[in-house]
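# Commentary on secondary and tertiary structure
This is what each chain is made of:
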Amino acid sequence: MDENFQEEQFTGIIKFTPPLYKQRYQFIKDLVGKYKPKKVADLGCADCTLLWMLKFCSCIEVLAGLDICASVMKEKMHRLAPLPGDYLQPAERSLTVTLHHGSVAHKDPCMLGFDMVTCIELIEHLEQSELKKFPEVVFGFMSPSIVVISTPNSEFNPLLPGVTLFRHPDHKFEWNRAQFQSWALETARHYDYSVEFTGVGHPPIGMEKVGFCTQIGVFVRKYPQASESAQSEKPTKAAYKTVFKAVYPSLKDKKYLQNAVVSEVIFTAQIIKQSLMDRLMLEHEEYNDDPTERKSKLQPSMNCFSEDLGKLVVEKNMEPFVNGNVVYIPLTTIFSFPKVNRLCGTFEKLSELIAGKVTLSSDGSAVMFNTEHEDE
């Protein structure tokens, strides 16, 4: 079932720009930007488009989707898996994405602890028995700080060509603004939430009285989460089936952090080394009359970063040096570079992470490179 496609058939003549479903998703992204939730659940996630958009929000560490139709989720869930680039450059934050098959009329402990819950064009698909249980599941059991519910505004329907009763054949009802607000205000009152009403999809000029095409209620919990004793009363029996789970590589994982630090240390040390070799080569020019012989021993740098980083070496009074065929780059020098410093936090952490991964001097104070192997 592709509700977005069917909806665009009806709203195409109105020319919503951007399309109505994108406006709904952007509304959620803007709320995420405002409230910075770490854990977000999308109930009725369907083809996972909203979850895919939210995975790029840097504040979010946990994403969960729930839908009654497993096949729709499975068709698109591959978009939520990490890409090769995520492993090459792990993010600083952790991110876990999970999809569940089940009904919003049932309680499952896997949905506890979320900061924000979104229900985009969901409630109109619920049977009366499910709609009756829905508030207790979402507001009573899950009890997130923020709940966002969107649903069609039936007052807009006369402006949509081809809509006779409902916008989608699976809709069980479509409320006007008064009906939605009455239900939302009663729900908010019962579960100690406040609610504000807005929407997306402006009506044509001159028809403003019908309101937004999609009406939205934003619920904010008035009081902190229930006490631990009350939380312990939550049922622990699973009601959903997990159909997908992805754990993204993160610098919070020591394995990925170590790989990133080792790569950055080697990269930084190579640049410092080349800057030193370039400087020594220039000094040799003053005394060496045979440039061919000189260049065969000390090849010039082709790294475009050498000049800027070489200046940093001089400005910070860093002292890498050559002894025979070995270049020594002090670990303190490498640690002073912003990216290495940011990754490690402390010099002790740097030493711990590169131990056994990088060739160090006998006292562990410097990274060592052989001058005869530029590609080492």
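Residues numbered from 1 in each chain as written. Predicted model: local features only at pLDDT ≥ 70, side-chain atom pairs only at ≥ 80, totals over all residues. Heavy atoms only, no water.

Named according to an unreviewed UniProt entry, the chain is Small RNA 2'-O-methyltransferase originating from Cepphus grylle. Its UniProt record gives the chain the following Sequence similarities (unreviewed entry) comment, quoted word for word: "Belongs to the methyltransferase superfamily. HEN1 family." (UniProt positions renumbered as here; feature names shortened; annotations may be inferred.)

### Overview of the sheet that holds strand β1 (residues 39-43)
Taken together, eight strands build an open sheet; the order of strands is β6-β7-β5-β4-β1-β2-β3-β8 and the sheet is mixed. What marks the edges here is a single partner per strand, and that holds for β6 (193-200) and β8 (241-247). Taking the axes of each pair of neighbouring strands and ignoring which way they run, one obtains an average angle of 15 degrees across the sheet. Judged from the three bridges that link them, β1 and strand β4 (residues 116-120) form a sheet pairing that is parallel. The partner of Ala41 across the bridge, within β4, is Val117. On top of the sheet, helix α6 (residues 128-142) reaches β1, β4, β5 (146-152), β6 and β7 (214-221); it is set at about 160 degrees to β5, its chief contact. (Pairing = 2+ DSSP bridges. Helix = DSSP H or I, 4+ residues; strand = E, 2+ residues; numbered from the N terminus. Axes fitted to C-alpha atoms, helices over the stretch in contact; angles between N-to-C directions. Contact = heavy atoms within 4.5 Å.)

### Thoughts on the environment of Arg189
Tracing the backbone through its elements, the reader meets Arg189 in helix α7 (residues 177-190). With a relative accessible area of 53%, Arg189 lands in the exposed category. Among the polar contacts listed, one links the side chain of Arg189 to the side chain of Glu186, at a separation of 2.7 Å. (Buried < 20%, exposed > 50% of the residue type's maximum accessible area, 1.4 Å probe, protein only. Polar contact = N/O pair within 3.5 Å; in protein donor to acceptor, adjacent residues only side chain to side chain.)

### Concerning the nonpolar core
As a rule of thumb, soluble globular proteins bury nonpolar side chains together. One finds Leu54, Ile60 and Leu99 to be the most contacted residues of the largest nonpolar core, which totals 41 residues. Of all the elements in the fold, those that place two or more residues in this core are α2 (20-35), α3 (49-54), β3 (96-101), β4, β5, β7 and β8. Element by element, the count of residues in this core is highest for α2, at six residues. Ignoring any residue separated from it by four or fewer positions in sequence, one finds Leu99 in contact with Cys45, Cys48, Leu51, Gly65, Met73, Met77, Leu80, Lys241, Thr242, Val243 and Phe244. (Core = buried A, V, L, I, M, F, W, Y, C linked by side-chain atoms within 4.5 Å.)

### Looking at α6
Side chains that are three or four residues apart share a direction in an α-helix, a result of its 3.6 residues per turn. Here α6 contains 15 residues, and its C-alpha end-to-end distance of 20 Å stays within 8% of the 21 Å for a straight helix at 1.5 Å per residue. Of all the bends in α6, the greatest reaches close to 30 degrees and is centred on Phe134; the proline Pro135 follows between one and four positions later. On its buried face, α6 is in contact with β1, β4, β5, α7, β6 and β7. Looking one or two residues beyond α6, the residue adopting positive phi is Ser143, at roughly 50 degrees. (Expected span 1.5 Å × (residues − 1). Bend = angle between axes of the 7 residues up to and from the residue.)

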